[in-house]
2 protein chains.
Amino acid sequence: MAEAVTIAVDVMGGDRGPAVILGGAEAALSRRAGIRYALFGDAAVIESLLRERPRLAAVSTVHHCEVAVAMTDKPSQALRHGRWRSSMWRAIEAVKKGEADFTISAGNTGALMAMARFCLRTLADIERPAIAAQWPTLRGMSIVLDVGASIGADARQLIDFAVMGGAMARALFNIPRPTVGLLNIGVEEVKGLEEVRTAGRILKETPMHNLVYGGFVEGDDLGRGTVDVVVTEGFSGNIALKTAEGTARQISAYLREEMSRTLFARLGYLLAKDAFDSLREKLDPRKANGGVFLGLNGIVVKSHGDADEFGFASAVENGFDMVQNGLQQKISNDLAEYHGAGFHQEIREGATGTGGL
Amino acid sequence: MAEAVTIAVDVMGGDRGPAVILGGAEAALSRRAGIRYALFGDAAVIESLLRERPRLAAVSTVHHCEVAVAMTDKPSQALRHGRWRSSMWRAIEAVKKGEADFTISAGNTGALMAMARFCLRTLADIERPAIAAQWPTLRGMSIVLDVGASIGADARQLIDFAVMGGAMARALFNIPRPTVGLLNIGVEEVKGLEEVRTAGRILKETPMHNLVYGGFVEGDDLGRGTVDVVVTEGFSGNIALKTAEGTARQISAYLREEMSRTLFARLGYLLAKDAFDSLREKLDPRKANGGVFLGLNGIVVKSHGDADEFGFASAVENGFDMVQNGLQQKISNDLAEYHGAGFHQEIREGATGTGGL
């Protein structure tokens, strides 16, 4: 698989500006062979930055866009001002036109999702896209979705998330049959939201080629890595993600404080510096940077708004790997298989409650 | 406030058995003056254990109960077999009869909540009780509720949680006007669940004597301690709590692994041992042990099922402090004031959506 991957970059998105985006884009070139970039944004700014980055310039085309979506724009504002002509829109549109393999932006998440839905449309049979995040665990890495594309999900949507998350785990971690769990507030089958219980029953009863249903999991299973893919609706998924980030920052702050308090502690810190560096690397959120929008006719990667060059490069590399491993095709195939298995029909006919959280 | 506090203990609850419960009960005697215990459970077992604990025996009465609720009982089973006669029921009933100031159990949470609701009933004007947890933060300690009493909450219930959590912060942390935030997936007023936005609007518009509304908070504000009280419905609250616990365990595991990997790291660890001990103490979940059921006609403290003696003693002490500081009275007063302020009427009359998450 040495084919080139063309990446459409929204150069104007993110808190840190085009220089960091382009720095990250160039950094990724050292770690992945065959990247080509289509850069969308203010051509004068981009071309001036590219003069200092001949290596990046050599693999990039520049597409001037007059409008940049602001980090503070509401999705409706962004659509109104930025449709057709903003760097964000045009980077997405490049995927739609087949001119790029995926889009990446560090811009405003709500605007990016609104534009991606409008421009790319959801896959046939998918009602709602999800944002999937990578989650570092004691066993390695898991995928968690949805972490905030929308609030609430019915059983059908949760099952779609399970299938799409499974396809992402196959593409990204090279696991043939990932385990998938449903996030709940107890592992017993009688507990939790009606929608989650219905989805669990159906996943349990439906044999699948490409994933193994692992039952309900709880919040503490996320860090444990009990399953490869954790499925939940966007409200609780977003809260879980940010709670974990906050807890990691909190413990890091405690550790810094304790390690600088006494002379012995400072000496101990110096002796064990390699160990602390290795810990820091394990906790580095930049490596898992890049939420992926799943369920659209095209892959869109959302980098953290405040990602630095290293973080943005990681998001580029994650997107590259997923595209090279055929993520979109895997999603389509798996959805076709599972929708064909008829469990969505069962949901429609069955007594599954209301839909929506 | 040197009055005695009588604590009704369900000696048969918990994973570790009566010896640990009684060990914890005795340990609390050293740190709080004026504790008296009413011990409910198998009298033969309790009396035999008390023979080795004369100090505990001196402040305790023993109440024989033939039935113990199992950790695996469903709430309905527990009610069927254990009503009127289990140690759990009778410990709750002691509060109802005015024979004890609060109940503590390390037993099955679902059964304890079902029995507490059935026996004590909810406070007038409260539709649903909540479980409030203490949450260690970078600023000290916060309160988070609901962490799993039920799933979903409408705007009225969220406001009740805000008022009750505020009263708990006043009783436990001695803060005259605690700040209260609503957990959401963005801090902008237009974001999140309809119920959360409605509750936010009403809290913002209603001036209150005993609490300050701090707006929406996100998952990473929990560890930061942005507000004294974080309000959410039970599904996301439970997931946030367990996610934070899991993340803390994950990072501790990383740290142990790194600190034992090389000779330098092991030496560094030894030199900085005091710092690591202090970190361990900060992360010790036993200190914040004790979920409190709020919204009932009486205080029930739920210790973790697997609490050791130190953990159980902490839960006893937290309950003791809240009772001595008049938690129940503060809740009643605050609810009366806020229900009097008419915002529940506004909710009933206003266009507030559906109720229930």
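Owing to the predicted nature of the structure, the values given are computational and were not obtained by experimental measurement.

## Details of unusual backbone geometry
Leaving glycine out, the prevailing phi sign among residues is negative, and the prevailing peptide bond configuration is trans.
Residue and element names in this part refer to chain A.
1) Next: Geometrically, the link from Leu145 to Asp146 is a cis peptide bond, its omega value of 0 degrees lying close to zero.
2) Next: Along the chain, Asp146 turns up in the loop between β6 (140-145) and α7 (155-173).
3) Next: Of note in the backbone geometry, Trp84 takes a positive phi value of approximately 70 degrees without being a glycine.
4) Next: Tracing the chain through its elements places Trp84 in the loop between α4 (75-82) and α5 (87-96).
5) Next: Using a relative accessible area of 55% as the deciding quantity, one classes Trp84 as exposed.
6) Next: The phi dihedral of Arg121 falls on the positive side, at around 65 degrees, and the residue is not glycine.

## Let's talk about the sheet that holds strand β7 (residues 179-183) of chain A
Residues and elements named next belong to chain A.
1) Next: The sheet built from 11 strands is open, its strands ordered β3-β2-β1-β4-β11-β10-β5-β6-β9-β7-β8 with mixed pairing. Of all the strands in the sheet, the pair left with one neighbour each is β3 (60-64) and β8 (212-217). When strand polarity is set aside, the average angle formed by the axes of neighbouring strands in this sheet is 25 degrees.
2) Next: As judged from the five bridges shared by strand β2 (residues 35-41) and β3, these two strands associate in the parallel manner. Within the sheet, the bridge partner assigned to Ala38 lies in β3 and is Thr61.
3) Next: Relative to the sheet, helix α1 (residues 18-29) contacts β1 (5-10) and β2, its axis offset from that of β2 by approximately 175 degrees.
4) Next: Along the sheet face, helix α6 (residues 109-120) touches β4 (102-105), β5 (130-137), β10 (291-294) and β11 (299-302) and points at about 175 degrees away from the line of β11.

## Observations concerning the relation of the copies chain B and chain A
1) Next: Note on the copies: chain B fits chain A at an RMSD of 0.0 Å, the axial shift is 0.0 Å, and the rotation between them is 180 degrees. The operation mapping one copy onto its partner corresponds to a two-fold rotation axis. Among all residues of chain B, the one whose C-alpha sits closest to the rotation axis is Gly268 of chain B, at a distance of 1.9 Å.
2) Next: Mapped onto chain A, 100% of the interface residues of chain B again fall at the interface, so both copies present the same surface.

## Concerning the sheet that holds strand β8 (residues 212-217) of chain B
Residue and element names in this part refer to chain B.
1) Next: Across the sheet, which stays open at both edges, the 11 strands sit in the order β3-β2-β1-β4-β11-β10-β5-β6-β9-β7-β8 with mixed pairing between neighbours. Whereas interior strands pair on both sides, the edge strands pair on one side only; in this sheet they are β3 (60-64) and β8. Adjacent strand axes in the sheet meet at a mean angle of 25 degrees, parallel and antiparallel pairs treated alike.
2) Next: The pairing of strand β1 (residues 5-10) with strand β2 (residues 35-41) spans six bridges and is classified as parallel. Paired with Asp10 across the bridge in β2 is Phe40.
3) Next: Together, β1, β2, β4 (102-105), β5 (130-136), β10 (291-294) and β11 (299-302) form the strand contacts of helix α13 (residues 309-324), whose direction differs from that of β4 by roughly 165 degrees.

## Some points on the confidence of the model for chain A
Residues and elements named next belong to chain A.
1) Next: On average, residues of chain A score 90 in pLDDT, and 95% of them reach the 70 mark or higher.
2) Next: Here residues 348-357 scores under 50 on pLDDT; set against residues more than four positions off or in separate chains, the count is 17 contacts.
3) Next: ipTM for the predicted complex: 0.88, alongside a pTM of 0.90.

## Digging into helix α6 (residues 109-120) of chain B
All names here are of chain B.
1) Next: The terminal C-alpha atoms of α6, which comprises 12 residues, lie 16 Å apart, in line with the 16 Å expected from a rise of 1.5 Å per residue.
2) Next: Residues of α6 that are buried include every one of Ala111, Leu112, Met113, Ala114, Met115, Ala116, Cys119 and Leu120, and no others.
3) Next: Those residues of α6 hidden inside the fold are in contact with α4 (75-82), α5 (87-96), β4, β5, β10 and β11.
4) Next: Positive backbone phi, at 65 degrees, marks Arg121, one or two positions downstream of α6.

## A closer look at the environment of Leu203 of chain A
Residue and element names in this part refer to chain A.
1) Next: If you trace the backbone, Leu203 turns up in helix α8 (residues 194-205).
2) Next: The buried category is assigned to Leu203, whose relative accessible area is 2%.
3) Next: Spatially, the C-alpha atom of Leu203 lies 9.5 Å from that of Val180, the residues being 23 residues apart in sequence.

## So, the packing of aromatic side chains
1) Next: What the rule picks out here adds up to seven aromatic pairs over all chains.
2) Next: Between Tyr269 of chain A and Phe276 of chain A the ring centres are 4.7 Å apart and the planes differ by 35 degrees, which places this aromatic pair in the tilted class.
3) Next: According to the relative accessible area criterion, Tyr269 of chain A is partly exposed, its value standing at 22%.
4) Next: Considering the side-chain rings of Phe276 of chain A and Phe276 of chain B, the 6.3 Å spacing of their centres and the 15 degrees angle between planes classify their relative orientation as stacked. Here Phe276 of chain A, found in helix α12 (residues 273-283), pairs with Phe276 of chain B, found in helix α12 (residues 273-283), and the two come from separate chains.
5) Next: Residue classification places Phe276 of chain A among the buried residues on the basis of a relative accessible area of 4%.
6) Next: Clustering of aromatic rings is evident, with ring pairs tying together Tyr269 and Phe276 of chain A together with Tyr269 and Phe276 of chain B.

## Observations regarding the environment of Glu309 of chain B
1) Next: Tracing the sequence through the fold places Glu309 of chain B in helix α13.
2) Next: Taking the C-alpha atoms as reference, Glu309 of chain B lies 28 Å from Gln77 of chain B; in sequence the two are 232 residues apart.

## Some remarks on the pattern of salt bridges
1) Next: Inspection of every chain in the model, using the stated rule, returns 44 salt bridges over all chains.
2) Next: Its salt-bridge partner being Glu258 of chain B, residue Arg261 of chain B comes within 3.9 Å of it at the nearest N-O pair.
3) Next: On the basis of relative accessibility, which here comes to 2%, the residue Glu258 of chain B falls in the buried class.
4) Next: Members of the salt-bridge network, linked through shared partners, are Asp125, Glu127, Arg156 and Asp160 of chain A.

## Some thoughts on the interface of chain B and chain A
1) Next: Between chain B and chain A, the residue contacts involve 52 residues of the former and 52 residues of the latter.
2) Next: Surface buried jointly by chain B and chain A totals about 4,800 Å² across both partners, of which 73% is contributed by carbon and sulfur atoms.
3) Next: Area buried by chain B at its contact with chain A is led by Ile185, Phe235 and Tyr254 of chain B, which between them contribute 14% of it.
4) Next: Summed over the shared surface of chain B and chain A, the number is eight salt bridges.
5) Next: Here chain B is connected to chain A by 16 residue pairs in polar contact (both at pLDDT 80 or more).

Conventions used here
Residues numbered from 1 in each chain as written. Chains lettered and ligands numbered in written order. Predicted model: local features only at pLDDT ≥ 70, side-chain atom pairs only at ≥ 80, totals over all residues. Heavy atoms only, no water. Helix = DSSP H or I, 4+ residues; strand = E, 2+ residues; numbered from the N terminus. Buried < 20%, exposed > 50% of the residue type's maximum accessible area, 1.4 Å probe, protein only. Pairing = 2+ DSSP bridges. Axes fitted to C-alpha atoms, helices over the stretch in contact; angles between N-to-C directions. Contact = heavy atoms within 4.5 Å. Least-squares fit on C-alpha atoms with pLDDT ≥ 70 in both. pLDDT = per-residue confidence, 0-100. Expected span 1.5 Å × (residues − 1). Phe/Tyr/Trp six-rings, centres within 6.5 Å; stacked < 30°, edge-to-face > 60°. Salt bridge = Lys/Arg side-chain N within 4 Å of Asp/Glu carboxyl O. Buried area = accessible area lost by both parts, 1.4 Å probe. Polar contact = N/O pair within 3.5 Å; in protein donor to acceptor, adjacent residues only side chain to side chain.

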